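# Tertiary structure, described
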Amino acid sequence: MILIIDFGSQYNQLIARRVREFHVYSQIEPPDITIEEIKNLKPEGIILSGGPSSIYEKARPGTDPGLFDLGIPVLGICYGMQFMVDVLGGTVKKAAKREYGYALLQAKSEKGIFSGVDKITPCWMSHGDSIKALPKGFKITASTKNAAIAAMANHRKNHFGLQFHPEVHHTPQGQRMLKNFILDVCRCQPSWTIPSFVNDSIARIKDRVGCKKIILGLSGGVDSSVTAVLLHKAVGKRLTCIFVDNGLLRMDEAEKLKSALRQHLKINIRFVNAQNKFLRPLKNITDPEKKRKIIGKVFIEVFETEANKAKGVEFLAQGTLYPDVIESVSAFGGPTAVIKSHHNVGGLPGKMRLALLEPLKYLFKDEVRELGKTLGIPEELIWRQPFPGPGLAIRIIGEVTRKRLSVLRKVDAVLIEEIKKNGYYKRLWQSFAVLLPIKSVGIMGDQRIYENIIAIRAVTSTDAMTADWAKLPHKFLGLISNRIINEVSGVSRVVYDISSKPPSTIEWE
Ligand code: XMP
């Protein structure tokens, strides 16, 4: 495996994915990881990521320099390289001006990272400070016009530094450079595949859980369904799943899910109708974060009560994915900023004194779907678009009432029906309707109406970290708008959201 030490770069997940493209497992860990923890992970190579900090900042992130003495190959990227230079005795120069964008890289070495790489090749730079003097034992391995030391290597110790980002596609030969590091320098075996992951995880779960019991909150989404099947394969009847109907689900969703889950997953599932428990405290609440907090709190209460009914449980499983973990790191003081409080990570296990089991914690969404397929889960469940825990409450801007829920459910049903019928469902990461808190005038027949506005949001994405608004054909958008206004009373206008993430998040609240 390759260990990636996270200095806060927005590209960290990309590095992890790039490594996995070579069928080598990769794991991102925070900089405060100890040498002992590193040794336990037994990495064949370490990548020090880039990050927004300057080596000159007082609060700069740093990791134990002892990792350079472990005899494990290390690759420092951008800030990671500067950190390496600083702790190994070289000099980093404070830059007067940031260098950002394309640069032409001139390779001065033909081995290590640059084996088989063109002598001149484009690279993507994004850095403030630059290297002035190399640490002992290092040589310059590539330069650009503005950076004499754009890459460096100590081939004897297998320590490498790249000032540019090999992981982004703007560095066309970056993947070759990473391959050289991972497969040739670190000598990783390309053996990490989803079927191998299934066998390893089942063995790990069995080992950890022994003869104890597990509970899992099942939402019917791909993540929790895959988690359920994987756990069921490992512990069978000792897994109990709890499905909470919070009253914020889509049209007939609870019923449809119930039959799909019962039919396809031969698993112990308890269905709990807790609609009133959620809707009551949401009365008069309009602030998005307050809504999320209330829903999170009630969910914990309901879940806890149900979980206690299953006697002798010691583990709580969650379908947490890698992007959730990384996005939530901030909540515990990590480098990325808190955008929204997701309630799927944290909260529950501490309160319930249960040990947490997150078998998908290091997987990306596409890997989870592949895993689902390997486990024999039907397409209908694997390809469900993500639906947020707080449900329609964060798609109703303003107060959540039964009446407004009913309007949004009808609109959503029309929208999804058309999206599926026209073959867009699988191609879109998410497609949904948002009910706005403003009204607009319309004419229906000869009558003046003054009714709600619906915004349609449809995005493409690979992991929800970034998303593009979907360029759906105008004719199709017109068709949806017509159907919604004609078929759902209480709607006088439909608009289409043309914002991408960043800066606009996928959900409106
Ligand atoms: P945003 O809106 O932050 O959402 O761009 C990114 C992805 O996360 C989903 N989302 C949530 N999922 N609980 C969840 O389980 C939540 O509180 C939550 N908030 C947003 C959102 O639908 C998108 O897929």
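### Some points on the layout of surface pockets
As a volume, the second largest pocket reaches approximately 610 Å³. Tyr25, Phe197, Arg204, Pro359 and Tyr362 are the residues nearest the centre of the second largest pocket, which is lined by 22 residues in total. Element by element, the count of residues in the lining of the second largest pocket is highest for helix 5 (residues 194-209), at seven residues. Partitioning the lining of the second largest pocket into residue classes produces eleven nonpolar, five polar and six charged.

### A closer look at the domain arrangement of the protein chain
Many authors give the size of an interface as the accessible area that is lost as the parts come together. When its domains are assigned, the protein chain resolves into domain 1 (2-185), domain 2 (194-382) and domain 3 (401-496). Between domain 1 and domain 3, the C-alpha centre-to-centre distance is 46 Å.

### Topic: unusual backbone geometry
Residues lysine 501 and proline 502 are joined by a peptide bond in cis, for which omega reads -10 degrees. Along the chain, the position of proline 502 falls in the segment after strand 20 (491-496). Put simply, proline 502 and proline 503 share a cis peptide bond, and its omega is 5 degrees. Mapped onto the elements of the fold, proline 503 is located in the segment after strand 20. We note that cysteine 78 has phi near 55 degrees; this positive angle belongs to a residue other than glycine. Its place among the elements puts cysteine 78 in the loop between strand 4 (74-77) and helix 3 (79-87).

### Description of the packing of aromatic side chains
Taken as a whole and assessed by the stated rule, the structure comprises 14 aromatic pairs. Between phenylalanine 7 and tyrosine 79, the aromatic rings sit 5.1 Å apart at their centres with planes inclined by 80 degrees, giving edge-to-face as the arrangement. With phenylalanine 7 in the loop between strand 1 (2-5) and helix 1 (12-20) and tyrosine 79 in helix 3, the pair connects residues that are 72 residues apart, well separated along the chain. Exposure class is identical for phenylalanine 7 and tyrosine 79. Each is buried. Consider the rings of tyrosine 100 and tryptophan 124, whose centres lie 5.5 Å apart with planes at 75 degrees: the pair is edge-to-face.

### What to know about empty space enclosed by the protein
Evaluation of the coordinates by the stated rule reveals two cavities of 30 Å³ or more. Along its surface, the largest cavity is lined by Arg250, Gln385, Pro386, Arg395, Asp412, Ile416, Gln430, Ser431 and Phe432. The element best represented in the lining of the largest cavity is strand 17 (residues 430-444), accounting for three residues. If you go around the second largest cavity, the residues you meet are Lys111, Ile113, Phe114, Thr141, Ala151, Met152, Ala153, His155, Phe160, Gly161 and Leu162. Put simply, the parts of the chain that give the lining of the second largest cavity at least two residues each are strand 10 (151-154) and strand 11 (159-162). The class makeup of the residues in the lining of the second largest cavity is seven nonpolar, three polar and one charged.

### Considering the pairing of strand 6 (residues 99-107)
Successive residues of a regular strand alternate their side chains across the two faces of the sheet. Two elements, strand 6 and strand 7 (residues 120-127), share eight bridges in a ladder whose sense is antiparallel. Following the sheet pairing, tyrosine 100 is matched in strand 7 by serine 126.

### Observations concerning the sheet that holds strand 4
In sheet architecture, strand pairing relies on hydrogen bonds along the backbone and comes in two forms, parallel and antiparallel. Strand order in the open sheet made by the nine strands is 2-1-3-4-11-10-9-6-7, with mixed pairing throughout. Across the chains shown, the open sheet's two edge strands, defined by having one partner strand only, are strand 2 (26-29) and strand 7. Strand-to-strand twist in this sheet, taken as the mean axis angle between neighbours without regard to direction, amounts to 25 degrees. Each of strand 1, strand 3 (45-48), strand 4, strand 6, strand 7 and strand 11 is contacted by helix 4 (residues 174-185), which is oriented at about 165 degrees to strand 4, the strand it contacts most.

### A word on the packing of helix 6 (residues 222-235) against helix 12 (residues 365-374)
The N-to-C vectors of helix 6 and helix 12 enclose an angle of 45 degrees; their axes lie 10 Å apart at closest approach. As judged from the angle between their axes, helix 6 and helix 12 are oblique. Crossing of helix 6 against helix 12: the hand is left-handed. Residue-level contacts link Val222, Asp223 and Val226 of helix 6 to Lys365, Val368, Arg369, Leu371 and Gly372 of helix 12. Of the residues belonging to the contact of helix 6 with helix 12, the class tally is four nonpolar, one polar and three charged.

### Overview of helix 9 (residues 288-309)
Relative to the 32 Å expected for 22 residues at 1.5 Å per residue, helix 9 spans 32 Å between its end C-alpha atoms, a close match to the ideal helical length. Turning to helix 9, its buried residues number three or more, namely Lys291, Arg292, Ile294, Ile295, Gly296, Val298, Ile300, Val302, Phe303, Glu304, Glu306 and Ala307. Backbone nitrogen of glutamate 289 and a side-chain oxygen of the N-cap are separated by 3.3 Å at the start of helix 9; the cap is aspartate 287.

### Quick notes on the pairing of strand 9 (residues 139-143)
When strand 6 meets strand 9, the two strands line up antiparallel, connected through two bridges. Its bridge partner being in strand 9, alanine 107 is matched across the sheet by alanine 142. Examined bridge by bridge, strand 9 and strand 10 share three bridges and lie antiparallel to one another. From the neighbouring strand, isoleucine 140 faces strand 10, where its bridge partner is methionine 152.

### Topic: the state of the cysteines
Considering all chains together, one arrives at zero disulfides under this definition. Of all cysteine sulfurs, the one in cysteine 123 lies closest to cysteine 78, which takes part in no disulfide; the gap is 11 Å.

### With respect to the sheet that holds strand 12 (residues 213-217)
Spatially, five strands are ordered 14-13-12-15-16 in an open sheet, and the strand pairing comes out parallel. Here the strands that pair on one side only, and so sit at the sheet edges, are strand 14 (269-273) and strand 16 (355-357). On average, adjacent strands in this sheet sit at an angle of 30 degrees to one another, irrespective of strand direction. Together, strand 12, strand 13 (239-245), strand 15 (313-317) and strand 16 form the strand contacts of helix 6, whose direction differs from that of strand 12 by roughly 165 degrees. Against the sheet, helix 9 engages strand 12, strand 13, strand 14 and strand 15, with an angle of about 145 degrees to strand 13.

### Considerations on the packing of helix 5 against helix 12
With their axes 9 Å apart at the nearest point, helix 5 and helix 12 run at an angle of 75 degrees to one another. Classified by the angle between their axes, helix 5 and helix 12 sit roughly perpendicular to one another. Across the interface between the two elements, Ile194, Pro195, Phe197 and Val198 of helix 5 pack against Glu367, Glu370, Leu371 and Thr374 of helix 12.

About the criteria used
- Residues numbered from 1 in each chain as written.
- Predicted model: local features only at pLDDT ≥ 70, side-chain atom pairs only at ≥ 80, totals over all residues.
- Heavy atoms only, no water.
- 1 Å grid on protein atoms, 1.4 Å probe; cavity = no way out; pocket = protein on both sides within 12 Å on 5 of 7 lines; lining within 4 Å.
- Points joined across faces, edges and corners; volume = space filled by probe spheres on them.
- Helix = DSSP H or I, 4+ residues; strand = E, 2+ residues; numbered from the N terminus.
- Nonpolar A, V, L, I, M, F, W, Y, C, P; charged D, E, K, R; others polar.
- Domains from an automatic or database assignment.
- Phe/Tyr/Trp six-rings, centres within 6.5 Å; stacked < 30°, edge-to-face > 60°.
- Buried < 20%, exposed > 50% of the residue type's maximum accessible area, 1.4 Å probe, protein only.
- Pairing = 2+ DSSP bridges.
- Axes fitted to C-alpha atoms, helices over the stretch in contact; angles between N-to-C directions.
- Contact = heavy atoms within 4.5 Å.
- Parallel < 35°, antiparallel > 145°, perpendicular 65-115°, else oblique.
- Left-handed = near helix turned anticlockwise from the far one by under 90°.
- Expected span 1.5 Å × (residues − 1).
- Polar contact = N/O pair within 3.5 Å; in protein donor to acceptor, adjacent residues only side chain to side chain.
- Disulfide = S-S within 2.5 Å.

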